[in-house]
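Topology and contacts: notes
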Amino acid sequence: MRRIALGLQYVGTGWNGYQKQPCRHTIQDALEIALEKFGRTTLSTTCAGRTDAGVHAIEQVVHFDTELDRPMPSWVRGTNTFLPDSIAVRWASEVPPDLDGQDFHARYSARSRTYHYVLYNNAQPSALLAGRAGWVFRPLDVERMQAAARHLIGLHDFSSFRAASCQANTPIKDMQEITIERRGDIIVFTVRASAFLHHMVRNLVGALVYVGLGRHEPDWMAQVLTARNRDAAAPTFMPDGLYFAKIDYDPRWGLPQEAVSPLPF
């Protein structure tokens, strides 16, 4: 039995998120159908982190177990043959079994996860970025948002940014990095943490946008955090600009991941 890891990229527009559903119109459904057609056997996948409807991935990582003996490039080319244009396998890698008493697991072996949120900040919407970026038509103050974001760094209870449907065992997460960078009319939020709660990034962005619009001072973010109450924060922001960017694993697994997670435009 072999354990194979795949690096997966997709545009989430029009899909009902990653996780399988009865509608069978999810990223996982499409991937497993493609794997079955290529491998001529049912293959069940496990992902590093589920994404909601409309959310994209620069590098999602999944694994599956199989007795099939195929070259790694064949898994890439063969699976892509049966995938729609909005989903692509970028790489495949066999991971060693029982390394130091542990097996690789796409979710539980992850040390941290990084998301990008891309926001278009212009008085008029962009047809070219529809579904690929969030949009705020009023001017945003990046320096104010950067000051607010500093309150979120470290180990905190993020209950104020947690969806009611979240099934995580604990709201306590280690926020390792938040950067906010303006590139002309594009503002890119990069968020890295040990793990994320359901809707956590979109809720963080929504609160930061409130600060950037001048509705609250940067110190308001600390008050929201300590309130531990979802009602204390801003509404959940749109999913369009959210990208699951990168998962950090121990180098011992030898995954051929890209060193950085650049935006695909």
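Scroll up to find the structure this text is about.
None of these values were measured; they are calculated from a predicted model.

**Quick word on empty space enclosed by the protein**
One pass over the full model with this rule turns up 1 cavity of 30 Å³ or more. Quantified by volume, the largest cavity comes out at close to 40 Å³. Taken together, I58, E59, A245, K246, E258, V260 and S261 make up the full set of residues lining the largest cavity. When contributions to the lining of the largest cavity are tallied by element, the ones reaching two or more residues are β3 (56–66) and β10 (242–248). Class assignment of the residues belonging to the lining of the largest cavity gives a composition of 3 nonpolar, 1 polar and 3 charged.

**A short note on the pairing of β10**
Working note: regular strand, side chains alternate between the two faces of the sheet. Burial analysis of β10 places 6 of its 7 residues in the buried class, the great majority of the element. When β3 meets β10, the two strands line up parallel, connected through 2 bridges. Residue pairing in the sheet places A57 in a bridge with F244 of β10. Sheet topology note: the strand β5 (residues 112–121)/β10 ladder contains 6 bridges and is antiparallel. Bridged to Y117 within β10 is L242.

**Let's talk about helix α5 (residues 220–227)**
Along α5, the residues that are buried comprise W220, M221, V224 and L225. Projected onto a plane normal to the axis of α5, the buried residues spread over an arc of 140° and lie on a single side. For α5, the exposed residues lying more than 90 degrees away from the buried face are Q223 and T226. Residues of α5 that are buried sit in contact with α3 (142–149), β7 (154–157) and α4 (200–212). R228 sits one or two positions beyond α5 and adopts a positive phi of about 55°.

**Regarding the state of the cysteines**
All told, the structure shown has 0 disulfides when counted by the stated rule. Not part of a disulfide, C47 finds its nearest cysteine sulfur in C166, a span of 14 Å. In this structure C47 comes out as buried when scored by relative accessible area, which is 11%. Judged by its relative accessible area of 14%, C166 is buried.

**Some thoughts on the nonpolar core**
A general feature of soluble globular proteins is that nonpolar side chains tend to end up buried together. Counting 76 residues, the largest nonpolar core has F161 and Y249 as the members making the most contacts within it. At 8 residues, α4 tops the list of elements feeding residues into this core. Discounting residues that sit within four places of it in the chain, F161 has contacts with L152, H198, H199, M200, N203, L204, A207, M221, V224, L225, R230 and A233. In terms of nonpolar packing, the next biggest core, distinct from the first, is built from 10 residues, V118, L129, I186 and V188 among them.

**Some words on the layout of surface pockets**
Taken as a whole, the largest pocket holds about 1100 Å³ of empty space. Considering the residues around the largest pocket, the lining is formed by 38 residues, among which G49, R50, R107, F196 and H198 are closest to the centre. At the level of secondary structure, the elements contributing two or more residues to the lining of the largest pocket comprise β2 (46–47), β5, α4 and β10. Of the residues belonging to the lining of the largest pocket, the class tally is 16 nonpolar, 16 polar and 6 charged. Each pocket or cavity is described by its volume, and for the second largest pocket that value is around 180 Å³. Considering the residues around the second largest pocket, the lining is formed by 13 residues, among which V136, V209, L213, R215 and F237 are closest to the centre. Those elements that provide at least two residues to the lining of the second largest pocket are β6 (134–136) and α4. With 3 residues, the single largest contributor to the lining of the second largest pocket is α4. Here the lining of the second largest pocket is composed, by residue class, of 9 nonpolar, 2 polar and 2 charged.

Conventions adopted
Residues numbered from 1 in each chain as written. Predicted model: local features only at pLDDT ≥ 70, side-chain atom pairs only at ≥ 80, totals over all residues. Heavy atoms only, no water. 1 Å grid on protein atoms, 1.4 Å probe; cavity = no way out; pocket = protein on both sides within 12 Å on 5 of 7 lines; lining within 4 Å. Points joined across faces, edges and corners; volume = space filled by probe spheres on them. Helix = DSSP H or I, 4+ residues; strand = E, 2+ residues; numbered from the N terminus. Nonpolar A, V, L, I, M, F, W, Y, C, P; charged D, E, K, R; others polar. Buried < 20%, exposed > 50% of the residue type's maximum accessible area, 1.4 Å probe, protein only. Pairing = 2+ DSSP bridges. Arc of directions from axis to C-beta. Contact = heavy atoms within 4.5 Å. Disulfide = S-S within 2.5 Å. Core = buried A, V, L, I, M, F, W, Y, C linked by side-chain atoms within 4.5 Å.

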